[in-house]
Amino acid sequence: MATAIIDYGAGNLRSVQKALAHIGEESVITGDPARILAADKVILPGVGAFGDAMGHLRSRGLDQVIRQVTEKQTPFLGICLGLQLLFEGSEESPGVPGLGILKGKILRIPDREGLKIPHIGWNSLRLEHDGRLFRGIPQESYVYFVHSYYLRAEDASIVKASTEYSTQIHASVEQGNVFACQFHPEKSGEVGLQILKNFAGIS
């Protein structure tokens, strides 16, 4: 079965599907739990507010589906807000629990003179801990970010890429077959396509 891109009303799905098509990967945009659970791989994209997104996932029962997918070790990729939702909660939506699949905090990017928030644009990655998404990708490769909140993971060993923007940002994590990127691989040119190819090759 093709890669399932989870549709829960949080946008940005077509650009992910187009990028997958570009590398020859079939995908289906779906909110159907059975199709998501049957997929070979699952991607959770997302833009928007943390609390709204968690509300959409819960109202559709997709929070439990995502837990089932990750428990059975189906390769799973969270992108942008999809990364943030995997963690325990966010300063953006106090009191709203996240999926809690990974441990860490989602914090607001600190204000700093000369830097705009949201952070929109290209930043270089410092790669570490031999992340499977980054095989064949050189240090300091540039990727595209759009966000106002960032991850600080509890366990540094799951962090596979980080960047600096006002503070140190944990830009990508990997734990078991759960992967996540704060940046948008589908908007990050050849580097982003290689990251998606690497994800497509994981079993």
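How each quantity is defined
Residues numbered from 1 in each chain as written. Predicted model: local features only at pLDDT ≥ 70, side-chain atom pairs only at ≥ 80, totals over all residues. Heavy atoms only, no water. Buried < 20%, exposed > 50% of the residue type's maximum accessible area, 1.4 Å probe, protein only. Helix = DSSP H or I, 4+ residues; strand = E, 2+ residues; numbered from the N terminus. Arc of directions from axis to C-beta. Contact = heavy atoms within 4.5 Å. Pairing = 2+ DSSP bridges. Right-handed = clockwise from strand over helix to strand, strands pointing away.

**Some thoughts on helix H4 (residues 62–71)**
- Of the residues making up H4, those classed as buried are Leu-62, Asp-63, Val-65, Ile-66, Val-69 and Thr-70. Take H4 and look down its axis: the buried residues cluster within an arc of 160 degrees, on one side only.
- Here the buried face of H4 lies against strand S1 (3–6), helix H2 (33–38), strand S3 (42–44), helix H3 (50–59), strand S4 (76–79) and strand S12 (178–181).
- Gln-73 lies just past H4 and shows a positive phi near 65 degrees.

**Describing the pairing of S1**
- Because side chains alternate across S1, one face comprises the buried residues Thr-3 and Ile-5, and the other comprises Ala-4 and Ile-6, equally buried.
- Note: S1 against strand S2 (residues 27–30), four bridges, orientation parallel. Opposite Thr-3, over in S2, you have Ser-27 as the bridge partner.
- Once you follow S1 into helix H1 (residues 13–22) and on to S2, the crossover reads as right-handed.
- By the bridge criterion, two bridges tie S1 to S3 in an arrangement that is parallel. Considered in S3, the bridge of Ala-4 is made with Val-42.

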